[in-house]
Amino acid sequence: MTATDQAASRAEELYRLLLQHVDVCRPCGAMEDCAKGTRLRRALRAARYAARERTPR
Ligand SMILES: [Zn+2]
């Protein structure tokens, strides 16, 4: 597995986690502050950035 694959699957995993969290988290559903939601979104953004950065065009 390449670094790009790993970064991409990590991003997918984080996205799934975020969707699951938003589904059960009232503050996130109301677009309010939530430490866990913020952490997940930040991690997801970083993972997507890493996946994109390593993808040759
Ligand atoms: Zn939340």
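Residues numbered from 1 in each chain as written. Predicted model: local features only at pLDDT ≥ 70, side-chain atom pairs only at ≥ 80, totals over all residues. Heavy atoms only, no water.

**Q** It is not clear to me how the overall build of the protein should be interpreted in this structure. Could you clarify?
**A** Looking only at helices and strands, one finds three helices and zero strands in the protein. Listing each helix as α and each strand as β along the protein from the N terminus yields α-α-α. Structurally, the protein occupies a C-alpha span of about 40 × 15 × 15 Å along its principal axes. Of the contacts made within the protein by residues no fewer than 6 positions apart, 51% connect residues no fewer than 24 positions apart. For the protein, the accessible area works out to roughly 4700 Å², and carbon and sulfur atoms hold 51% of it. For the protein, the separation between the mean place of its 12 positive charges and that of its 7 negative charges on side chains is 3 Å. (Helix = DSSP H or I, 4+ residues; strand = E, 2+ residues; numbered from the N terminus. Contact = heavy atoms within 4.5 Å. Areas by Shrake-Rupley, 256 points an atom, 1.4 Å probe, with all protein chains shown as cover. Lys, Arg positive; Asp, Glu negative; His and termini not counted. Charge placed at Lys NZ, Arg CZ, Asp CG, Glu CD.)

**Q** Looking at this model, I keep getting lost on helix H1 (residues 3–24). Mind explaining?
**A** Side chains of residues three or four places apart in an α-helix project in the same direction, reflecting 3.6 residues per turn. Taking 1.5 Å as the rise per residue, H1 with 22 residues should run 32 Å; its terminal C-alpha atoms sit 32 Å apart, in good agreement. Buried residues of H1: Ala7, Ala11, Leu14, Leu18 and His21, and no others. For H1, the angular spread of the buried residues around the axis is 90 degrees, confining them to a single face. In H1, the exposed residues that point more than 90 degrees away from the buried face are Glu12, Asp23 and Val24. Along its buried surface, H1 packs onto helix H2 (26–29) and helix H3 (35–53). (Expected span 1.5 Å × (residues − 1). Buried < 20%, exposed > 50% of the residue type's maximum accessible area, 1.4 Å probe, protein only. Arc of directions from axis to C-beta.)

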